[in-house]
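Given next are the chains, with one letter for each unit.
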Amino acid sequence: MRHLIDIKELTVEEIEELIKVAKDIMQFPEKYSEKCKHKKLATLFFEPSTRTRLSFEAAMMELGGNVLGFSEAKSSSTSKGESVSDTIRTVGCYADIIAMRHPKEGAPLVASLKSTVPIINAGDGGHNHPTQTLTDLLTISCEKGRLDNLTIGLCGDLKFGRTVHSLITAMSRHKNIKFVLISPDELKIPEYVKEEILEKNKIEYIETNDLEKYMDELDILYMTRVQRERFLDEEEYLRLKDSYILNNLKLKNAKNDLCIMHPLPRVNEISTEVDSDLRAAYFRQVKYGKYIRMALILKLVNQNNENNVEKNNTKKEIINEMKCKNPSCITTIEQELDHVFILTDEEKNIYRCKYCEHIYKEENWWKSI
Ligand code: CP
């Protein structure tokens, strides 16, 4: 069965097809109004959300289907100690497809391994948020008319921003993409994103902490929130939270057709005076999110299981010899899970946790635990 846990699971062709369907839905919504009649979507949100949960629910309703679910962990039996695996097995008895957000990284993957219905990752900690990336790609396609030949500025929290990592991954597969990575030193893009995505794919990028320096070169400016919930030190968050505030003055050298994006929620990163600028696309981006989720629900709910061959992992694995050191990994709360590490780079001897993809580079590092 096909799930969507990580944007990398979709080919460029599949993403193009989803964008095509989303645009068709935007143009001819009535054609799709009964496509999911008698189907049910469960939204399981163990972490707060406005856009993702409500857009999934609106998407299913506009396809003629029904929705059920919960919006916080404390209103589910998770508060009594029920595991993700048992919750998913249960909800699969009621729903045809599940969209799930969880603070622990790798939780949707664990769910997909146990589920009898398709699972969509609606955000797992600081790890992945593939439907936000699909939303961003549809936004870029609609606003710029292309997904190639673009200079993209990414600004703010590039360390914890899961949407930024996934967007870099997705855009790196298109031609002539350049990135300007704008952040304070403490919130720079992780080394593995630079090494394994940007450098591996020979993508041009510049790192800077100056928001205005390259403004005149940008086709897209993607602002992000400093992710308070991912900081272990509140004082560091308070020091960094207002690093960048986009306002009309800072846009004075920007191109006339710049597209300003933000996954939202915004806290303070974009002054409200920018909202009336036609280049501000972030509320249109919210709307695109519903249409691309409609296209995704259609794809997964109507999949022909016979055509979906399960992929076997042939990479070397280490099982139950060491534990993941990432405090946000799902293995820290799901007691029955095997601790699995996959050799993702033989040359550099890099193992990653199967669930949260936390990297360990040191040879024999686990012997020191
Ligand atoms: N962009 C996004 O994921 O927003 P929510 O947290 O409101 O779902």
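Residues numbered from 1 in each chain as written. Predicted model: local features only at pLDDT ≥ 70, side-chain atom pairs only at ≥ 80, totals over all residues.

(A) Quick look at the domain arrangement of the chain. In terms of domains, the chain is made up of domain 1 (7-129 + 287-307), domain 2 (131-282) and domain 3 (317-368). Distance from the C-alpha centre of domain 1 to the C-alpha centre of domain 2: 25 Å. Listed as interface residues are 23 residues of domain 1 and, on the opposing side, 21 residues of domain 2. Those elements that provide at least two residues to the side of domain 1 that touches domain 2 are α1 (12-27), α2 (51-62), β4 (119-124) and α9 (282-301). At 6 residues, the largest contribution of residues to the side of domain 1 that touches domain 2 is made by α9. Residue composition of the side of domain 1 that touches domain 2, grouped by class: 12 nonpolar, 8 polar and 3 charged. (Domains from an automatic or database assignment. Contact = placed C-beta atoms within 7 Å. Helix = DSSP H or I, 4+ residues; strand = E, 2+ residues; numbered from the N terminus. Nonpolar A, V, L, I, M, F, W, Y, C, P; charged D, E, K, R; others polar.)

(B) Quick peek at the sheet that holds strand β13 (residues 359-360). Taken in spatial order, the 4 strands make up an open sheet running β10-β11-β12-β13, and their pairing is antiparallel. Bordering the open sheet on either side are β10 (317-319) and β13, each of which pairs with just one other strand. As judged from the 2 bridges shared by strand β12 (residues 350-353) and β13, these two strands associate in the antiparallel manner. What sits directly across from Tyr351, in β13, is Tyr360. (Pairing = 2+ DSSP bridges.)

(C) Main features of the site of the ligand. Inspection of the region around the ligand gives Ser49, Thr50, Arg51, Thr52, Gly123, Gln132, Pro263, Leu264 and Pro265 as its neighbouring residues. Across the shell around the ligand, the residue classes tally to 3 nonpolar, 5 polar and 1 charged. Each of two domains, domain 1 (7-129 + 287-307) and domain 2 (131-282), supplies a minimum of three residues to the shell around the ligand. (Near = placed C-beta within 6 Å.)

(D) Main features of the packing of helix α6 (residues 162-171) against helix α7 (residues 191-199). Relative orientation of the contacting elements α6 and α7 amounts to 20 degrees, with a least axis distance of 9 Å. If you check the angle between α6 and α7, you find them roughly parallel. Where α6 approaches α7, its residues His165, Ile168 and Thr169 are matched on the opposing element by Val193, Ile197 and Leu198. Of the residues contributing to the contact of α6 with α7, the split by class is 4 nonpolar, 2 polar and no charged. (Axes fitted to C-alpha atoms, helices over the stretch in contact; angles between N-to-C directions. Parallel < 35°, antiparallel > 145°, perpendicular 65-115°, else oblique.)

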